[in-house]
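A look at the structure
Read off the chains here:
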Amino acid sequence: MSQGSGILSTRQRRLAWLGFLLAALQAPLSAKLVADESWLFSLCVALMVATVIIADDAARRRPADATSD
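Residues numbered from 1 in each chain as written. Predicted model: local features only at pLDDT ≥ 70, side-chain atom pairs only at ≥ 80, totals over all residues. Heavy atoms only, no water.

**A look at helix α1 (residues 10-33)**
With 24 residues, α1 extends 35 Å between its outermost C-alpha atoms, agreeing within 8% with the 34 Å of an ideal straight helix rising 1.5 Å per residue. When we look at burial in α1, the residues that qualify are Arg13, Ala16, Ala23, Ala27 and Ser30. Against the buried residues of α1 lie α2 (39-61). (Helix = DSSP H or I, 4+ residues; strand = E, 2+ residues; numbered from the N terminus. Expected span 1.5 Å × (residues − 1). Buried < 20%, exposed > 50% of the residue type's maximum accessible area, 1.4 Å probe, protein only. Contact = heavy atoms within 4.5 Å.)

Right under this line is the structure:
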């Protein structure tokens, strides 16, 4: 049984991981350096990118002949 393909290409997946890491690292740094709560935006972006990566993982692990309900 072969695995299904994900929703992201290999290049997009690498860029998503890079974006996640950069946003996740920026949030605590900007929280320490900036007086307002603008660091929450970086945290939200990191969580949205992580959701896309998790969805791509789920699509890749699904068998290729499986149908979505």
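Here the narrative resumes.
**A closer look at the packing of aromatic side chains**
Applying the stated criterion across every chain yields a total of one aromatic pair. Ring geometry for Trp17 against Phe20: centres 6.0 Å apart, planes inclined by 90°, an arrangement best described as edge-to-face. On the criterion of helical spacing, the pair formed by Trp17 and Phe20 is a turn pair, its members being three residues apart in helix α1. (Phe/Tyr/Trp six-rings, centres within 6.5 Å; stacked < 30°, edge-to-face > 60°.)

**Thoughts on the side chain of Ser42**
As for its position among the elements, Ser42 is in helix α2. Residues contacting Ser42, with those up to four places away along its chain left out, are Ala23, Gln26 and Ala27.

**Considering the side chain of Asp56**
Its location among the elements puts Asp56 in helix α2. On the basis of relative accessible area, Asp56 is assigned to the buried category, the value being 0%. Here Arg60 takes part through its side chain, which lies 2.8 Å from a polar atom of the side chain of Asp56. Filtering out sequence-adjacent residues up to four positions away, Asp56 remains in contact with Gly6, Ile7, Leu8 and Arg13. (Polar contact = N/O pair within 3.5 Å; in protein donor to acceptor, adjacent residues only side chain to side chain.)

**Structural notes on the environment of Gly19**
Relative to the elements of secondary structure, Gly19 occurs in helix α1. Residue classification places Gly19 among the partly exposed residues on the basis of a relative accessible area of 30%. For the pair Gly19 and Val45, spaced 26 residues apart in sequence, the C-alpha separation works out to 8.8 Å.

On their own, these measurements won't tell you what the molecule is for.
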